[in-house]
Amino acid sequence: MLRPTPIDNHPTPTSYDQRETERILSSLLSESPYPPTLNRNTHLNFLARALFQGFPKHYTAQDASQPWFMFWLLQAFNVLGAGLDPANKQRAIDTILKAQHPDGGFGGGPKQAPHLLPTYAAVSALAIVGRPGEGGGWDQINRKGMYDFFLSLKQPDGSFHVSKHGEVDIRGTYCLLATATLLNLLTPTLTANIPGFIRSCQTYEGGFASASQPYYDPDGNLMHSPRPALGEAHGGYTACALGSWMLLKPVMSDEEREGREGILKENVVRWLAKMQGGEMDLGGFRGRTNKLVDGCYSWWVGGCFALLEGLGVKHDWSAIDGEPQSASVPESADADADAEWDDIEDELYNTKALQEYILIAAQVSSGGLRDKPPKNPDAYHTSYNLAGLSTAQHRVRIVEPEYASMSDDPLLISPDESSTERDTRRRKVYETAYYWKEVESQSRVLGGMKNRVNATHPLFNLTVTHARGMLRYFYGQS
Amino acid sequence: MSASDSKPLYAENPAWNDVTPIPQHDEQSNPMAPILYTQEYKDAVDYFRGIVRTGEKSARVLELTEHIIHLNPAHYSVWQYRYDTLIAMNADLKAELLLMDGIATTHMKTYQVWHHRRLLIQQLKTPIPELAFIAGILEIDTKNYHTWAYRQWLLAHFNDDVMWAGELPYVEEMLIYDVRNNSAWHHRFFVVWASGVRTGDGNRQDTLRRELNFVKSKISLAPNNDAAWNYLRGILNHTSTPFSLLRDFIVPYTVPQSSSSPPSYVLDLESPLPSEGSDLPCAAALEFLAEIHEEDKHEESIKNAVLLYKQLASEQDKIRKSYWEHRAREALKLVETNV
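**Quick word on helix 12 (residues 226-238) of chain B**
Each α-helix winds once per 3.6 residues, and so residues spaced three or four apart point in a common direction.
Next, step 1: Over its 13 residues, helix 12 of chain B runs 18 Å from end to end, which matches the ideal 18 Å to within 8%, given 1.5 Å per residue.
Next, step 2: Judged by how many residues are buried, helix 12 of chain B sits mostly within the fold: 10 of 13 residues are covered.
Next, step 3: Listed as buried for helix 12 of chain B are B:Ala227, B:Ala228, B:Trp229, B:Asn230, B:Tyr231, B:Leu232, B:Arg233, B:Gly234, B:Ile235 and B:Leu236.
Next, step 4: Contacts made by the buried residues of helix 12 of chain B are with helix 12 (265-274) of chain A together with helix 10 (182-194), helix 11 (204-221), helix 13 (247-250) and helix 14 (283-296) of chain B.
Next, step 5: Taken from the residues just after helix 12 of chain B, B:Ser240 is the one with a positive phi, measuring 50°.

Structure, rendered in structure tokens:
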């Protein structure tokens, strides 16, 4: 007997919406075969239709997100184990490059103003389909122009506008840092004060908000307090905050990493864990306290757990006082399977339940994945549901870095840094980004290997292979 | 036939003859994942690219950009150019703000709509009517993220006592409507704790007492409400107040509702009991009690904490089993380090 979220004899609009969602989601259980099947081919057809036939006219409202569509579609293809043939890869490269602005950075489409978010999407998409050399996309990226564009957006409090006159929020921070890491553009000038901004976005709930409000003293110095977060803790912004924090760790000072500028890690973990919905929500993730579950948070929230170890949250799975690892008595009909899953469950959330949500609630039989029934599927939800499935199935962790010798890059010489300092810094950045590996023996695929999707790099939402390929090239490694 | 269908295309409008429209793609290109635009949209943005090329800033540019914004409110390049045009023309920004009211209501989930308002208010420096406008939007969409964040920016940026004064009553109203609205709880934290001290709220002991009484009364109303518990935990952490201070309040929430509870006319403001019909015990209270034990750090207390975490893992909050086991392990470390 499934237990709905308790209402305490005090219904409110929130509880009405939650009950209605639980009713719809839990009704799927009786209709769905178990274990569920990933309808790989129908989703590939859904993606292919979008790539090759295009989008109907109501997508006009997405005209400023064209590189995003390339990234979502291509990455989803990848996760499902498919790729494009060389001719279509070239077509993809050419399409993406058209969004590059003559002055540097990518915009939402050809001849649009440059913007941090489509810049990240375009570069990530090029990591998937691009290559070095003529027409390959990688060499056609205007790195100097992009770097200057990044600096033009930087604010004294460590934040960035997403575009000229555009909003300031932490999505911009992540998009900039991920791109700059992949393309070997991280400099002290670029990264100054960012950790403090990230920290200031953590709310009392433990997750992160979109931005914070700086206050300056009469001498123009940024005050440590007050520095209030703007907006409540939210899954998307939290993913951006934690990804940004990891990317910056190699260049942070000790004070920034662990001192009063450090993020409160156990608060983050608590907030992330509390975002998973219960059994009548089929184990999906919500993005904010007391809001409804949504398949895209499978990645934004679910994906954050893969970063925790790298952030210094230790969870070792040794016994508690000599008792067996699993302290609970499984209650489901399939007790053996549950117990088996428990033995290998090494994440701080329920990976099996998340896979159930994605496969039972998010999949649409005619192709694509969605927020939740009865909504329609779209490229964004397809991509992030699949990324969430990937992170629930696979353990991708930081492994011991090996020594990497750096070649010099005249583009990024800053006057107040010696070449040794520069090399050391870039090596640390490269190693933090590069040395992630799938721990294959710890995969846990609900429904068997036919449901297996490819593993995803937790920092970039690309495959490890694609991330490494781009990193090797731009950091001068063979 | 809609009004926009009867609007002539810019290509057929003699008033636009002097502008060279610029298509998005060259004839030879064969883009992937194309959007199959309406003729109306394609025509408008071709002419937009045309006036961007020449750098024109004029009244007809304002017409054109307004048209495109209605078709695609997320077209940030168009918003950016519109803003530049308004400034270059020294336009009436009050009129612009009024114009934006309609767009904000139709497209309240779009970043650019709110950001444009913010740019205008920064110029006009008239934030007070914005509070009423925001309240109107929140009546429709009580948890709109952009709207709440914009309200918080407005208050922090202008930092005006008159503006601050209405916020606690506003939050209370929102929480009477829906005590589970986490956006409202977050706003309360913002107003009371996160953005400096409000005028008249200088005695922080009094502030804490007031806030504790407020959140406890809301927990008593509907105990299974993470938003209220997170607020409670938040203010205790923010003021470095031990959780154990609330032991008497918490305990009734950690056991099934008793049929022998005192009659409802006996009120205890310090420790309001769970209201009739509450679903108990609630997970947040069990966790809270565990943390009270952890504050003690003695082996016996830690054992009690671990038992509570195990109860959560196996009964009350099974989905979070691996998380509660993590909490149990962390609790045990407190004993180890205390030896």
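Let's pick the thread back up.
**Things to note about the environment of A:Asp423**
Residues and elements named next belong to chain A.
Next, step 1: Structurally, Asp-423 is set in helix 18 (residues 419-434).
Next, step 2: Judged by its relative accessible area of 24%, Asp-423 is partly exposed.
Next, step 3: Along the sequence, Asp-423 and Ser-405 sit 18 residues apart, while their C-alpha atoms lie 8.2 Å from each other.
Next, step 4: Reaching out from Asp-423, the side chain makes a polar contact with the side chain of Arg-426 at a distance of 3.1 Å.

**Focus on the interface of chain B and chain A**
A common way to report how large an interface is uses the accessible area buried once the components associate.
Next, step 1: Taken together, the contact between chain B and chain A spans 85 residues of the former and 101 residues of the latter.
Next, step 2: Carbon and sulfur atoms make up 52% of the area that chain B and chain A hide from each other, which totals about 7,800 Å².
Next, step 3: Inspection of the region where chain B meets chain A yields four salt bridges.
Next, step 4: Residues A:Arg270 and B:Glu287 are paired through a salt bridge, measuring 2.7 Å at the closest nitrogen-oxygen approach.
Next, step 5: Summed over the shared surface of chain B and chain A, the number is 52 residue pairs in polar contact (both at pLDDT 80 or more).
Next, step 6: Elements with a contribution of two residues or more to the side of chain B that touches chain A: helix 1 (39-54), helix 3 (76-88), helix 5 (111-124), helix 7 (145-158), helix 10, helix 12, helix 15 (299-316) and helix 16 (321-338) of chain B.

**Details of the packing of aromatic side chains**
Next, step 1: Counting across every chain of the model gives 45 aromatic pairs over all chains.
Next, step 2: Considering the side-chain rings of A:Tyr120 and A:Tyr174, the 5.3 Å spacing of their centres and the 65° angle between planes classify their relative orientation as edge-to-face. Highlighted residues: A:Tyr120 in helix 5 (residues 116-129) and A:Tyr174 in helix 7 (residues 170-182), separated in sequence by 54 residues.
Next, step 3: Here a set of aromatic residues connected by ring pairs shows up, and it is made of A:Phe55, A:Tyr59, A:Trp68, A:Phe69, A:Phe71, A:Trp72, A:Tyr120, A:Tyr174, A:Trp300, A:Tyr380 and A:Tyr384.
Next, step 4: Above the ring of B:Tyr111, the side-chain terminus of A:Arg171 is found at 3.7 Å from the ring centroid.

The rules behind these values
Residues numbered from 1 in each chain as written. Chains lettered and ligands numbered in written order. Predicted model: local features only at pLDDT ≥ 70, side-chain atom pairs only at ≥ 80, totals over all residues. Heavy atoms only, no water. Helix = DSSP H or I, 4+ residues; strand = E, 2+ residues; numbered from the N terminus. Expected span 1.5 Å × (residues − 1). Buried < 20%, exposed > 50% of the residue type's maximum accessible area, 1.4 Å probe, protein only. Contact = heavy atoms within 4.5 Å. Polar contact = N/O pair within 3.5 Å; in protein donor to acceptor, adjacent residues only side chain to side chain. Buried area = accessible area lost by both parts, 1.4 Å probe. Salt bridge = Lys/Arg side-chain N within 4 Å of Asp/Glu carboxyl O. Phe/Tyr/Trp six-rings, centres within 6.5 Å; stacked < 30°, edge-to-face > 60°. Lys NZ or Arg CZ within 6 Å of the ring centre and 35° of its normal.

Such coordinate-based values are descriptive only and should not be taken to indicate function.
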